[in-house]
Amino acid sequence: EIVRHFSFGLMNLGLKKGDVAAILSNTRLDWAAADMAILGAGAISVPVYASSTAEDCAYILNDCEAKILFVENQSQLTKILGISAQIKKLEKIIVFDPFDSKILSTHHALLSQEALIQLGKREESLDPLRFEKNLMGARPDDVFTIGYTSGTMGQPKGADITHDNMVSVLEDALKVLHSV
């Protein structure tokens, strides 16, 4: 239910097939929900290491042309707000944890997780099957995610991973598990 509401909320914000949404967070349930919701909107998910420097975040978000960014908490939000003028395509920032509401008055691009869910509930009522249609409409050559290196040898490098790539890895893993 959370994934559906996140996904419909993203669709309400205009995220569509081929668009990019990034996630700057440590591993947690919200991270997984956001990742699946991005796919449910037909978009491309880009994980960003929570330990990334502000400079690397700006580079990655510009390189992949992220439209939407999920951040974990006030600390990650502060990092991004400090470089927000450098990030060209970013339209919205969604924060998982509660954050200082005074920031909303100066940064109209911010949304709480709860606000995204409310947008999603309204959007879902317009076309309840849109989430499933987007998932079923994925093609093997569509980009599933863009994985970036940690940038230890210069700027991070992005690698496009398609749905077909992911299915191939899962099939190989299944073969290995069956042979054990």
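Quick caveat, the model's predicted, so the values are computed rather than measured.

## A short note on unusual backbone geometry
Phi is positive for Glu65, which is not a glycine, with a value near 60°. Mapped onto the elements, Glu65 comes out in the loop between helix H3 (54-63) and strand S3 (68-71).

## Topic: the layout of surface pockets
Over the atoms rolls a probe the size of a water molecule, and its path tells where empty space is left. Space inside the largest pocket adds up to approximately 270 Å³. Leu39, Gly42, Asn134, Ala138 and His163 are, among the 18 residues lining the largest pocket, the residues nearest its centre. Counting only elements with at least two residues in the lining of the largest pocket, the list comes to helix H6 (130-136) and strand S6 (143-148). Residue composition of the lining of the largest pocket, by class: nine nonpolar, five polar and four charged. The volume enclosed by the second largest pocket comes to roughly 180 Å³. Contributions of two or more residues to the lining of the second largest pocket are made by strand S2 (44-48) and S6. The residue inventory of the lining of the second largest pocket, partitioned by class, reads six nonpolar, five polar and no charged.

## Side note on the packing of helix H1 (residues 2-12) against helix H5 (residues 113-126)
Angle between the axes and distance between the axes: these two values describe a pair of packed helices. Closest axis-to-axis distance for the H1/H5 pair is 6 Å, and the angle between their directions is 80°. Our classification of the angle between H1 and H5 gives roughly perpendicular. Residues Arg4, His5, Phe6, Phe8, Gly9, Leu10, Met11 and Asn12 of H1 form the contact with H5, whose participating residues are Gln113, Leu116, Ile117, Leu119, Gly120, Lys121, Glu123 and Glu124. In terms of residue class, the contact of H1 with H5 is built from seven nonpolar, five polar and four charged.

## Considering the pairing of strand S1 (residues 20-24)
A regular strand places its side chains so that they alternate between the two faces of the sheet. Across the five residues of S1, five count as buried, placing the element largely inside the fold. The two faces of S1 match: Val20, Ala22 and Leu24 on one face and Ala21 and Ile23 on the other face are all buried. Relative to S2, S1 runs parallel, the two being bridged by five bridges. Within S2, the position partnered with Val20 by the bridge is Ile44. In this view, the connection linking S1 to its parallel neighbour S2 by way of helix H2 (residues 29-40) has right-handed handedness. By the bridge criterion, four bridges tie S1 to S3 in an arrangement that is parallel. If you follow Ala22 over to S3, its bridge partner there is Leu69.

Thresholds applied
- Residues numbered from 1 in each chain as written.
- Predicted model: local features only at pLDDT ≥ 70, side-chain atom pairs only at ≥ 80, totals over all residues.
- Heavy atoms only, no water.
- Helix = DSSP H or I, 4+ residues; strand = E, 2+ residues; numbered from the N terminus.
- 1 Å grid on protein atoms, 1.4 Å probe; cavity = no way out; pocket = protein on both sides within 12 Å on 5 of 7 lines; lining within 4 Å.
- Points joined across faces, edges and corners; volume = space filled by probe spheres on them.
- Nonpolar A, V, L, I, M, F, W, Y, C, P; charged D, E, K, R; others polar.
- Axes fitted to C-alpha atoms, helices over the stretch in contact; angles between N-to-C directions.
- Parallel < 35°, antiparallel > 145°, perpendicular 65-115°, else oblique.
- Contact = heavy atoms within 4.5 Å.
- Buried < 20%, exposed > 50% of the residue type's maximum accessible area, 1.4 Å probe, protein only.
- Pairing = 2+ DSSP bridges.
- Right-handed = clockwise from strand over helix to strand, strands pointing away.

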